[in-house]
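# Residue-level structure breakdown
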Amino acid sequence: TSNEVSFSPSCPQADEPPLGEFCSKESHFELFDQLDLDIVELTGNHNVDYGKNAYINTLSWYQNRGILTVGGGDTLAAARTPLILTHHDNSIAMLACNWVGPYYALAGEAAPGAAYCDWDWLKATLPQLAADYDLVIVTTQYLEVEDYRPLPKQVSDFQGLADLGADIVVGTQAHKPQTFEFYNARNGTSAFLHYGLGNLFFDQPFWGNSRFFMDELFIYEGRLLTVGLFTGIIDDLARPRPMTDDEQVNFLAFMFNTQGGM
């Protein structure tokens, strides 16, 4: 999952001048334990809202509980480091970055935060990962738009990541679930691009903002065979649940028939 908020001992009070508005109480970390979470993606634009110390302490919490991270770190080099996974003989490289800032959310040479989606870095890194590993997964914090369809530049940028070697590109920024496509990249491969998953634990009680996707990737012998589209609804402001059959039919009909789906 992408988690955009750091844990602060005195939340909602700040121990240092806050740069933004979001923090989490330390007791709420129990949610991750209940989810049996393995990986947290750190490209979100609110992770440094309550300062560098809260961010660094949150990184330690992840590490101490065996939760891996990608896309963010205590330095720029750490934030840019790919996460390499080997599972049932499948080798998978994960890379994550933030396209939109704000400036204080981005990692510097000696400052914590998210890796910026710098094209020079991506052009040097993605082809090498594609050569070394079976699959390359890129997740990204893009510009948030209140729309089920991606921006034209978003489409171009996601396709550009696939042209460089990404097999799967997922937008973790979207508050509304967005459409997806299978894209024939310039390198001759086919890539799955999902422009936005929607909210998961977030209190925006609007029709679109309380509906979400979770993508289940079926990987076999180094190939992405298919994608399971898990569909859910957030009840009571921040309580996600699976959709009923009727809810799923209505949601997918809306996404495919009126929003261009795929």
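Below you will find a few notes about this structure. Note that the structure is predicted; figures quoted are calculated from it, not measured. (Residues numbered from 1 in each chain as written. Predicted model: local features only at pLDDT ≥ 70, side-chain atom pairs only at ≥ 80, totals over all residues. Heavy atoms only, no water.)

## Focus on the overall build of the chain
The helix and strand inventory of the chain stands at six helices and 13 strands. The C-alpha atoms of the chain give a radius of gyration of 18 Å, which matches the 18 Å a tight globule of 262 residues would have. Along the longest, intermediate and shortest principal axes, the C-alpha atoms of the chain span 50 × 45 × 35 Å. In the chain, buried positions account for 50% of the 262 residues. Accessible surface, the chain as shown: approximately 12,700 Å² in total, 52% of it carbon and sulfur. In the chain, the 13 positive side-chain charges and the 34 negative ones have mean positions that sit 5 Å from each other. (Helix = DSSP H or I, 4+ residues; strand = E, 2+ residues; numbered from the N terminus. Rg over C-alpha atoms; globule rule 2.2 N^0.38 Å. Buried < 20%, exposed > 50% of the residue type's maximum accessible area, 1.4 Å probe, protein only. Areas by Shrake-Rupley, 256 points an atom, 1.4 Å probe, with all protein chains shown as cover. Lys, Arg positive; Asp, Glu negative; His and termini not counted. Charge placed at Lys NZ, Arg CZ, Asp CG, Glu CD.)

## Some points on the side chain of Arg211
Relative to the helices and strands, Arg211 is located in strand E11 (residues 211–220). There is no salt bridge for the buried Arg211, and the closest opposite charge comes from Glu247, which lies 5.7 Å off by N-O distance. In terms of polar contacts, Arg211 uses its side chain to reach the side chain of Ser210, at 3.3 Å. Non-local contacts of Arg211, meaning those with residues more than four positions away in its chain, are made with Pro177, Gly198, Gly232, Ile233, Met243 and Phe251. (Salt bridge = Lys/Arg side-chain N within 4 Å of Asp/Glu carboxyl O. Polar contact = N/O pair within 3.5 Å; in protein donor to acceptor, adjacent residues only side chain to side chain. Contact = heavy atoms within 4.5 Å.)

## Regarding the pairing of strand E10 (residues 190–194)
Counting buried positions along E10 yields four of five residues, so the element is predominantly enclosed. Judged from the three bridges that link them, strand E8 (residues 168–171) and E10 form a sheet pairing that is parallel. Bridging across to E10, Val170 finds its partner in His194. Both strand E9 (residues 180–184) and E10 contribute to a ladder of five bridges, which runs antiparallel. By the bridge assignment for E10, Glu181 is matched with Leu193. Where E9 folds back on E10, the antiparallel hairpin that results is connected by five residues, among which Gly188 adopts a positive phi of roughly 90°. (Pairing = 2+ DSSP bridges.)

## A closer look at the pattern of salt bridges
All told, the structure shown has six salt bridges when counted by the stated rule. With a shortest N-O distance of 2.7 Å, Lys176 and Glu146 are connected by a salt bridge. Of this pair, Lys176 sits in the loop between E8 and E9 while Glu146 sits in the loop between strand E7 (135–141) and helix H5 (152–163), and the two are 30 residues apart along the sequence. Put simply, Arg186 and Asp163 hold a salt bridge, and the shortest N to O gap is 3.4 Å. Taken together, the residues span a long stretch of sequence, with Arg186 in the loop between E9 and E10 and Asp163 in helix H5 at a distance of 23 residues. With relative accessibility at 75%, the residue Arg186 sits in the exposed group.

## Focus: the sheet that holds E11
Read across the sheet, three strands follow the order E11-E12-E13 without closing on themselves; strand pairing throughout is antiparallel. At either margin of the open sheet sits one strand with a lone partner, and together these are E11 and strand E13 (239–242). The sheet shows a mean angle of 40° between the axes of neighbouring strands, direction not considered. Across ten bridges, the pairing between E11 and strand E12 (residues 223–235) is antiparallel. When the sheet's bridge partners are listed, Phe213 is paired in E12 with Thr231. (Axes fitted to C-alpha atoms, helices over the stretch in contact; angles between N-to-C directions.)

## Observations concerning the environment of Pro102
Within the secondary structure layout, Pro102 lies in the loop between strand E5 (90–98) and strand E6 (113–114). Residue classification places Pro102 among the partly exposed residues on the basis of a relative accessible area of 29%. Sequence spacing of Pro102 and Gly20 is 82 residues, and the spatial spacing of their C-alpha atoms is 9.9 Å.

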